[in-house]
Each structure stands twice: as C-alpha cells, then as structure tokens.
Amino acid sequence: QVQFVESGGGLVQPGGSLRLSCAASGITFSIAAMGWYRQAPGKQRELVATIGAAGSTTYADSVKGRFTISRDNAKNTVYLQMNSLKPEDTAVYYCKAALFDNRYWGQGTQVTVSS
C-alpha cells in the first residue's frame, strides 16, 4: 500500500520561507517521478514542480527562482523549499508519485501566506 506523510506547511508572512517534505512508503521511490501540486480555494489543482528519477526538474513559471524541488532517495522523501513566499502561494500543497502507469497522491498540507 502506497502511503505519503506530508509535513512542513503552516502560516508564514509574505517574504518568508517554508520547506515541505513528503515521505513515501510502499513504492520503489528511487525510480518514481515525483511532483508537488497545489490547489487554492475555487481554483483547479496546478503543477508547481517535478523531479525525475535522475534528478531533472521542472517548475511552473510562477515559482521559478523562488521554489526548489529536491529528493533524497535514501530517505524516500521529496522536498519543496519555498522562499520569497507571496499571498498568491496560499494553497493546499500535494505531493504526487508517478511510477509506470500509476499515479499516487499525498493527503495535502496547507500553506497560508498572510501578514
């Protein structure tokens, strides 16, 4: 059974930083493509960043230069370092694993950027 434990969300002031973590179990993490998505109230879920099994990364234009995705295969964990946070980054953030034809989602963690 695939399970994720997401952590690191919370309330932060504009300009602040947070680091999200997503620890996976039940999958061969090292060969899975991992990603972070977010969904704001009233909006569709959108891609934030992805990292391939070999470490290649992609980012949404809205977060380029501010967010960094990384992975630690020894810990079966993917991270999202978020700097220079803006109110429009407020959303529930989800991690996702893609392995062959299967897709697995985490439960989400709330990020709120507000003064």
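Anything mentioned here points back to the structure above.
For the structure given in this document, a descriptive report is provided here. (Residues numbered from 1 in each chain as written. Predicted model: local features only at pLDDT ≥ 70, side-chain atom pairs only at ≥ 80, totals over all residues. Heavy atoms only, no water.)

What follows deals with the overall build of the protein chain. Regarding its fold elements, the protein chain presents 0 helices and 11 strands. Each helix and strand of the protein chain, ordered N terminal to C terminal, gives the series β-β-β-β-β-β-β-β-β-β-β. At 13 Å, the protein chain has a C-alpha radius of gyration in line with the 13 Å of a compact globule built from 115 residues. Overall, the C-alpha framework of the protein chain stretches about 40 × 25 × 25 Å when taken along its three principal axes. Out of the 115 residues belonging to the protein chain, those deemed buried represent 41%. A separation of at least 24 residues holds for 54% of the contacts in the protein chain among residues at least 6 apart in sequence. (Helix = DSSP H or I, 4+ residues; strand = E, 2+ residues; numbered from the N terminus. Rg over C-alpha atoms; globule rule 2.2 N^0.38 Å. Buried < 20%, exposed > 50% of the residue type's maximum accessible area, 1.4 Å probe, protein only. Contact = heavy atoms within 4.5 Å.)

Moving on, we get to the pairing of strand 7 (residues 67-72). Residues Phe67, Ile69 and Arg71 point to one face of strand 7 and are all buried, whereas Thr68, Ser70 and Asp72, pointing to the other face, are not buried. Across 6 bridges, strand 7 lies against strand 8 (residues 77-82) in antiparallel orientation. Within strand 8, the residue paired with Ile69 across the bridge is Leu80. Between strand 7 and strand 8, which pair antiparallel and follow one another directly, the connecting turn spans 4 residues, one of which, Asn76, has a positive phi of 50°. (Pairing = 2+ DSSP bridges.)

A few words now on the sheet that holds strand 1 (residues 3-7). Strand order in the open sheet formed by 4 strands is 1-3-8-7, and the pairing between neighbours is antiparallel. Strand pairing shows two members of the sheet lacking a second neighbour, strand 1 and strand 7, which therefore form its edges. Averaged over neighbouring strand pairs, the angle between their axes works out to 15° when direction is ignored. (Axes fitted to C-alpha atoms, helices over the stretch in contact; angles between N-to-C directions.)

Counting across every chain of the model gives 4 salt bridges. A salt bridge links Glu46 to Arg38, with the shortest nitrogen-to-oxygen separation between them at 2.7 Å. Through salt bridges that share partners, Arg38, Glu46, Arg66 and Asp89 make up one connected network. (Salt bridge = Lys/Arg side-chain N within 4 Å of Asp/Glu carboxyl O.)

This part is about the nonpolar core. Counting residues in hydrophobic clusters, the biggest one holds 29 residues, and the most contacted among them are Trp36, Val78, Leu80, Met82 and Tyr93. At the level of secondary structure, the elements contributing two or more residues to this core comprise strand 3 (18-25), strand 4 (33-39), strand 5 (46-51), strand 7, strand 8, strand 9 (91-99) and strand 11 (109-113). A total of 5 residues in this core trace back to one element, the largest contributor, which is strand 9. When sequence neighbours within four positions are dropped, the list of residues in contact with Val78 reads Leu20, Ser21, Cys22, Phe29, Met34, Trp36, Ile51, Ile69, Ser70, Arg71 and Cys95. (Core = buried A, V, L, I, M, F, W, Y, C linked by side-chain atoms within 4.5 Å.)

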